[in-house]
Amino acid sequence: MPGSQAKLLPSAHQAPLPLERLILTERPDAEAVPMDVLFVGGGPAGLAGAIALARLVKADNEAGGNLGDIQIGVLEKAGALGEHSLSGAVVNPVAMRTLFPELKDKDFPFRAPVGGERVYFLTGSRAVRIPTPPTMQNHGYQIASLCEIVRWLGEKAEGLGVNIFTGFPAASLFAEGQRVTGVRTAPSGLARSGDPGSDYAPPTDITAQITVLAEGTRGTLAQAYLEWQKVASDNPQIFALGVKEIWETLKPLDAVVHTLGWPVPKDCFGGSFMYPLSRNLVALGLVVGLDYKRTSDDVHEMLQQMKLHPLFRDLLESGEMVEWGAKTIPEGGYYALPKRRHGDGVMIVGDSAGFVEVASLKGIHYAMQSGMFAARAAFDALKKKDTSSASLKEYDAMVDGSFIAKDLHSRRNMRLAFQESNFYFAGFKAGLMTVTGGALPGGKITSHPDAAVPREVTPPQPFVPDGKLTFSKLDAVFKSGNATRDDVPSHLIVGPDITPEVAELYTHMCPAGVYERDGERLVVSPANCIDCKATDVLGPRWTPREGGSGPKYRQM
């Protein structure tokens, strides 16, 4: 392997987005399923939008309106709602209260209100408690499982007559001219060769007057639409990878805990969280920016190493890890938002649009609120019988005038400072930004796509899991409930010139063991994939595969 001064540029080895597969100009099948409004993605954004729209239509019909029977659909790639949903999660309940004004906080699917909270700076052996930064203060917020929130929202949506289709990944957008007219789902039952197998089921075409892309982080169809329409942003979107575990413990955790510092390298952005879900159930995880600097940086292994620290070990060593998962997080903030999140017959909501505020570690209430704004814009467009871009621009106006844009703008440079400067100087800048509401230091910090950040080619550090406190990637994937067929065709598009050093980068980038360096070549095991999308950020492109593939999260 080359010495430590050798550099590798991930973007040089990444395949382009296959637009010809993702944007279809052919007409949908004659037997296509007709919907009026279709939400692609059954997470908090899509389900909140579907609920809000169903309520608006119901109220209009009861008041003598003329909309009549409006068919609302939610398309979800997981086999059941919540199985692909993962977040920290400490939730700002404002969006829940807005969507369900008739309910109290105790009626929502939250675990418990945040009581105490502590922030530590870690070294390899010490934990130094520091004051909680203002952006990370969670008093009044709720600890929750995103899986449980999503399942609860799904029940509410079905009760309002929303059509929920689980196990149906949207693989392509239909387009007539500049207008989005629906989606085609991925086929199922293909053999490894890509030919129909004995259980083959063809794709399903679904048409819609309005398609709302609520795919979550690194949404493939949202990416395709923005690239096809040449919609720009001031900065490229950048991402972090979060790896999370659920532990049953004998000792209770009495507070929300966050840490900075070790084991995250000083030239990387990241930190950990540990939340009490119940008296004997703890969620913990590590989040690290994918603009890290070395081919051997490995977020899963950092998390395993972190659990050996006394702050975590004392709580976990008498317990059992019961669930594991991983997910990318859009971190580009205000300057990475697409200039336009709507078009003819289409809107983009939630994480797919980049509505995450990294400094406060929050995104769920932004996702839900953006889904509700899309519902209002869709309702008004249906009433006017005009679903053009000119009509749906109301959605962007609502987002831009709301707390979503306000929050992201006030903290617009905080994450970007860590791509520009070292940890300590960036932390100083972030403090100034907090005090001044983002006014100082002024001006936009320019960022670079994660794949455009050069990596030092460095040898990996030895890692031997003990199977009790620390785990291999394959053991962890088992705990995700992954039940993907072993002979499923690969949904990953490998780019050009995959050298041994590139294979090493992919091996450490993926938390699920999809990639392995075998001598001079890259070995790909697509059945291991848990749809975290890290591969799509730095390596082989991720494309939708057959429904029900991937993890089956229960409490994430």
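Residues numbered from 1 in each chain as written. Predicted model: local features only at pLDDT ≥ 70, side-chain atom pairs only at ≥ 80, totals over all residues. Heavy atoms only, no water.

Let us now look at the pattern of salt bridges. Enumeration over the complete set of coordinates arrives at 31 salt bridges. For Arg 294, the salt bridge goes to Asp 267, with nearest N and O atoms at 2.8 Å. Here the residue Arg 294 occupies a position in the loop between strand 19 (281-289) and helix 6 (299-306), and Asp 267 occupies one in the loop between strand 17 (255-261) and strand 18 (270-278), the gap between them amounting to 27 residues. Assessed through its relative accessible area of 33%, Asp 267 is described here as partly exposed. Here the salt bridges share partners, and the residues they tie into one network are Glu 26, Arg 184 and Asp 205. (Salt bridge = Lys/Arg side-chain N within 4 Å of Asp/Glu carboxyl O. Helix = DSSP H or I, 4+ residues; strand = E, 2+ residues; numbered from the N terminus. Buried < 20%, exposed > 50% of the residue type's maximum accessible area, 1.4 Å probe, protein only.)

This next bit is on the environment of His 365. Among the structural elements, His 365 can be located in helix 8 (residues 364-384). Taking the C-alpha atoms as reference points, His 365 and Pro 44, separated by 321 residues in sequence, lie 8.3 Å from one another. When neighbours within four sequence positions are excluded, His 365 is seen to be in contact with Asn 92, Val 94, Ala 95 and Phe 403. (Contact = heavy atoms within 4.5 Å.)

With that settled, the discussion passes to the packing of aromatic side chains. This model, assessed by the stated rule, comprises 10 aromatic pairs. On the basis of an interplanar angle of 85 degrees and a centroid distance of 6.0 Å, the ring pair of Phe 108 and Trp 152 is categorised as edge-to-face. Placement of Phe 108 in the loop between helix 3 (94-99) and strand 6 (112-113) and of Trp 152 in helix 4 (residues 146-159) is noted, with a sequence separation of 44 residues between them. Take Phe 108 and Trp 152: they sit in the same class, and that class is buried. Following the ring pairs from residue to residue traces out a cluster consisting of Phe 100, Phe 108, Phe 110 and Trp 152. Across from the ring centre of Tyr 292, 4.9 Å away, lies the NZ or CZ of Arg 455, which sits over that ring. For the cation-ring pair, Lys 533 lies above Trp 542, with the distance from its terminal atom to the ring centre recorded as 4.3 Å. (Phe/Tyr/Trp six-rings, centres within 6.5 Å; stacked < 30°, edge-to-face > 60°. Lys NZ or Arg CZ within 6 Å of the ring centre and 35° of its normal.)

All right, on to the sheet that holds strand 6 then. Spatial strand order, 5-9-6: 3 strands in an open sheet with antiparallel pairing. Each edge of the sheet is formed by a strand with only one pairing partner; in this case those strands are strand 5 (90-91) and strand 6. In the sheet, strand 6 pairs with strand 9 (residues 142-143) via 2 bridges, with the strands oriented antiparallel. Bridge pairing in strand 9 links Pro 113 to Gln 142. (Pairing = 2+ DSSP bridges.)

So, on to the sheet that holds strand 18. The strands making up a sheet associate through hydrogen bonds between their backbones, and the pairing can be parallel or antiparallel. One open sheet accounts for 7 strands, arranged 8-7-17-18-19-16-20; its pairing is mixed. Only two strands of the sheet have a single partner each, and these edge strands are strand 8 (127-130) and strand 20 (320-330). For this sheet, the mean angle separating the axes of adjacent strands, direction not counted, is 20 degrees. Note that strand 16 (residues 239-248) and strand 20 share 10 bridges and pair antiparallel. Its bridge partner lying in strand 20, Val 243 is registered against Ala 326. With respect to the sheet, helix 6 is in contact with strand 16, strand 18, strand 19 and strand 20, its orientation differing from that of strand 19 by roughly 135 degrees. (Axes fitted to C-alpha atoms, helices over the stretch in contact; angles between N-to-C directions.)

Our focus in this paragraph is helix 4. In a regular helix each residue adds 1.5 Å, so 14 residues correspond to 20 Å; helix 4 covers 20 Å between its end C-alpha atoms and thus fits that length. Within the sequence span of helix 4, burial applies to Leu 146, Cys 147, Ile 149, Val 150, Trp 152, Leu 153, Gly 154 and Ala 157. Check the buried side of helix 4 and you find it contacts helix 2 (44-62), strand 5, helix 3, strand 10 (163-166) and helix 8. (Expected span 1.5 Å × (residues − 1).)

Our next topic: the state of the cysteines. Scanning all chains against the criterion turns up 0 disulfides. The closest cysteine sulfur to the non-disulfide-bonded Cys 529 is located on Cys 532, 6.6 Å from its own sulfur. Considering cysteine sulfurs only, Cys 510 is the nearest to Cys 532, which forms no disulfide, with 5.9 Å between them. What makes Cys 532 buried here is its relative accessible area of 6%. (Disulfide = S-S within 2.5 Å.)

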